[in-house]
2 protein chains.
Amino acid sequence: MPSPARFLVGVLGGMGPLATVDLLQKIIAATPAEHDQQHVPVAVWNVPQIPDRQRALAGIGASPLPALLDGVERLNRLDISHLIIPCNTAHHWFDELQSASLAPVLHIADVTLAQVSTVLNGVPAPRVGVIATHGTLAAGWYQQRLAALDIETVLPDEQEMDNLFVPGCYAVKRGEVTAGGQLFGQLAARLAARGATHLILACTEVAPGLAATQSRWLARSIDSTEALARYCVARWREQAER
Amino acid sequence: MPSPARFLVGVLGGMGPLATVDLLQKIIAATPAEHDQQHVPVAVWNVPQIPDRQRALAGIGASPLPALLDGVERLNRLDISHLIIPCNTAHHWFDELQSASLAPVLHIADVTLAQVSTVLNGVPAPRVGVIATHGTLAAGWYQQRLAALDIETVLPDEQEMDNLFVPGCYAVKRGEVTAGGQLFGQLAARLAARGATHLILACTEVAPGLAATQSRWLARSIDSTEALARYCVARWREQAER
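This structure is a prediction, so every number in the text was calculated from the model and none was measured.

Re the packing of helix H1 (residues 17–29) of chain A against helix H11 (residues 224–241) of chain A
Residues and elements named next belong to chain A. One way to put it is that H1 packs onto H11 with a least axis distance of 8 Å and a crossing angle of 40°. With respect to their mutual orientation, H1 and H11 come out oblique. As H1 packs across H11, the resulting crossing turns out to be right-handed. Each of Ala-19, Asp-22, Leu-23, Lys-26 and Ile-27 in H1 lies in contact with H11, whose residues at this interface are Thr-225, Glu-226, Leu-228, Ala-229, Cys-232 and Val-233. By residue class, the composition of the contact of H1 with H11 is seven nonpolar, one polar and three charged.

Structural data, given as structure tokens:
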């Protein structure tokens, strides 16, 4: 058996599958490379047969944890050096997944918040709208981390969640990416009307939707998928320079 | 340990990494799905630290076979049910990879040719231009299969390979996808001037380039990546209906 790769990003994906592909595309786009061999090595479990995270947290569906643990166990077989999960809501089960993983697991909110100071550097009185699932908003990962930086958050109200975010999210999952992006764009406009100067795209279905509609909000967004990609590329380049 | 998935596509990727992402995107786009859970389960070894296939076949670089076999061995650990390789040139080592794989390996030329009769159905006297690496053209996989269907091929000449195909291919690999697409578009125009009515994109770097330039040739092309994607989706839907 060949020796394990020293550096190998494992991706616990499939939530949804397009969000995983968006991550892989962003890793490649963020990598300065002259040849194939300079790109980041990635192993991907893009197996979407995982019970719906939003329904599970709403108490109306099965737990995704057994399927998530199966994915971690498969990635463990590949001798990965890092594990990332391009789905914010799945981080509800972060502790259990971290316990099961042989490789360290990055928390998507930590990686995303690391981008905030760069993006908001010099912006006077920024207010950050958070676009996320009910489960992610209820967990408070982003609100707490932004509060620790003295940054005010603007959250969707219940009506905006039901009429804009949730249908937008499921539109992307069924391939209606532009329709989803239009709903996310409307939600962004509502958050801006309530004072948001910037957005955190704290659900990985959002960026593909906004990209499909060429949304002007992307320029003022911190995208959790992009943050994961940049983190991977930075670590890869560090070890390549060693 | 959970029981192995009954259906799980394994992708031996990284050649180049963007071509692999293009395949994953095309699998999703070709899948009618209302929910995440209806999408094709895929495990991907997108590890591009594989010696350059074109240089190896030209006798000026190391063999990629050990790295390819390592990838197969990793995918074997995941209990995949099918193995696909989104790189035509890598099929030079098809027999060795098939011997090493626990899952059956699909030959990209077989899957691509299966699309030819659909696309060319009713076209009088079609002539098919083949865009591919020197290695793929020398192997003759596409020319032989087309000849068996009594379809004439149009091949790039040596100057077109050196000035258009090869630089286009390496442009895509270093992220200059539009520049690569422009070169591929020029090559397509040359093949059409010599009588090609349709194209086979027999190198997986070509379709992303032509897509980035919104090439009109795509509408008259049989894309080997798209063919792999459609094959996977058809098998997935068959087993889902059982």
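Comments concerning the sheet that holds strand S7 (residues 221–223) of chain B
Residues and elements named next belong to chain B. Read from one edge to the other, the open sheet built from four strands follows the order S5-S4-S6-S7, with strand pairing classed as parallel. In this open sheet, the two strands that pair with only one neighbour each are strand S5 (152–154) and S7. Direction aside, neighbouring strands of the sheet carry axes that sit 30° apart on average. Relative to strand S6 (residues 198–201), strand S4 (residues 127–131) is paired through four bridges, and the arrangement is parallel. Within the sheet, the bridge partner assigned to Val-130 lies in S6 and is Ile-200. Of the strands in this sheet, S4, S6 and S7 are in contact with helix H5 (residues 108–120), which crosses S6 at around 160°.

Here we look at the interface of chain B and chain A
Each partner contributes to the interface: chain B provides 45 residues, whereas chain A provides 45 residues. Both sides together, the interface formed by chain B and chain A hides about 3,500 Å², and carbon and sulfur atoms give 55% of it. For the interface between chain B and chain A, the tally reads eight salt bridges. Across the salt bridge formed by Arg-74 of chain B and Asp-79 of chain A, the nearest N and O atoms sit 3.8 Å from each other.

A word on the state of the cysteines
Counted according to the given criterion, the structure contains zero disulfides over all chains. With no disulfide of its own, Cys-232 of chain A lies 16 Å from the sulfur of Cys-87 of chain A, the closest cysteine sulfur. Residue Cys-87 of chain B stays outside any disulfide, its sulfur separated by 7.0 Å from that of Cys-203 of chain B, the closest cysteine.

Describing the relation of the copies chain B and chain A
It takes a turn of 180° to lay chain B on chain A, together with a shift of 0.0 Å along the axis; the resulting RMSD is 0.0 Å. What we have between these two chains is a two-fold relation. Minimal C-alpha distance to the rotation axis in chain B is attained by Val-44 of chain B, lying at 2.5 Å. When you check the interface residues of chain B against chain A, 100% turn up at the interface there too, and the contact is symmetric in its surfaces.

Thoughts on the sheet that holds strand S6 (residues 198–201) of chain A
All names here are of chain A. Read across the open sheet, the four strands follow the order S5-S4-S6-S7; overall the sheet is parallel. Lying at the two open borders of the sheet, with one neighbouring strand each, are strand S5 (152–154) and strand S7 (221–223). When the angles between neighbouring strand axes are averaged without regard to direction, this sheet yields 30°. Pairing between S6 and S7: three bridges, direction parallel. Of the residues in S7, the one forming a bridge with Leu-201 is Asp-223. The sheet contacts of H11 involve S6 and S7, and relative to S7 the element is tilted by about 60°.

A short note on the packing of aromatic side chains
The relative placement of two aromatic rings is captured by the distance of their centres and the angle of their planes. One pass over the structure, following the stated rule, counts four aromatic pairs over all chains. Centre to centre, the rings of Phe-165 of chain A and Phe-184 of chain A are 5.9 Å apart; their planes meet at 40°, and the pair counts as tilted. Note that Phe-165 of chain A is positioned in helix H8 (residues 158–173) and Phe-184 of chain A in helix H9 (residues 177–193), a separation of 19 residues in sequence. An identical accessibility class is assigned to Phe-165 of chain A and Phe-184 of chain A; each is buried. Lying across the ring of Trp-217 of chain B, Arg-216 of chain B places its NZ or CZ 4.7 Å from the centre. Over the aromatic face of Tyr-231 of chain B sits the side chain of Arg-235 of chain B, whose NZ or CZ is 4.5 Å from the ring centroid.

Here is what the cut-offs are and how they apply
Residues numbered from 1 in each chain as written. Chains lettered and ligands numbered in written order. Predicted model: local features only at pLDDT ≥ 70, side-chain atom pairs only at ≥ 80, totals over all residues. Heavy atoms only, no water. Axes fitted to C-alpha atoms, helices over the stretch in contact; angles between N-to-C directions. Helix = DSSP H or I, 4+ residues; strand = E, 2+ residues; numbered from the N terminus. Parallel < 35°, antiparallel > 145°, perpendicular 65-115°, else oblique. Left-handed = near helix turned anticlockwise from the far one by under 90°. Contact = heavy atoms within 4.5 Å. Nonpolar A, V, L, I, M, F, W, Y, C, P; charged D, E, K, R; others polar. Pairing = 2+ DSSP bridges. Buried area = accessible area lost by both parts, 1.4 Å probe. Salt bridge = Lys/Arg side-chain N within 4 Å of Asp/Glu carboxyl O. Disulfide = S-S within 2.5 Å. Least-squares fit on C-alpha atoms with pLDDT ≥ 70 in both. Phe/Tyr/Trp six-rings, centres within 6.5 Å; stacked < 30°, edge-to-face > 60°. Buried < 20%, exposed > 50% of the residue type's maximum accessible area, 1.4 Å probe, protein only. Lys NZ or Arg CZ within 6 Å of the ring centre and 35° of its normal.

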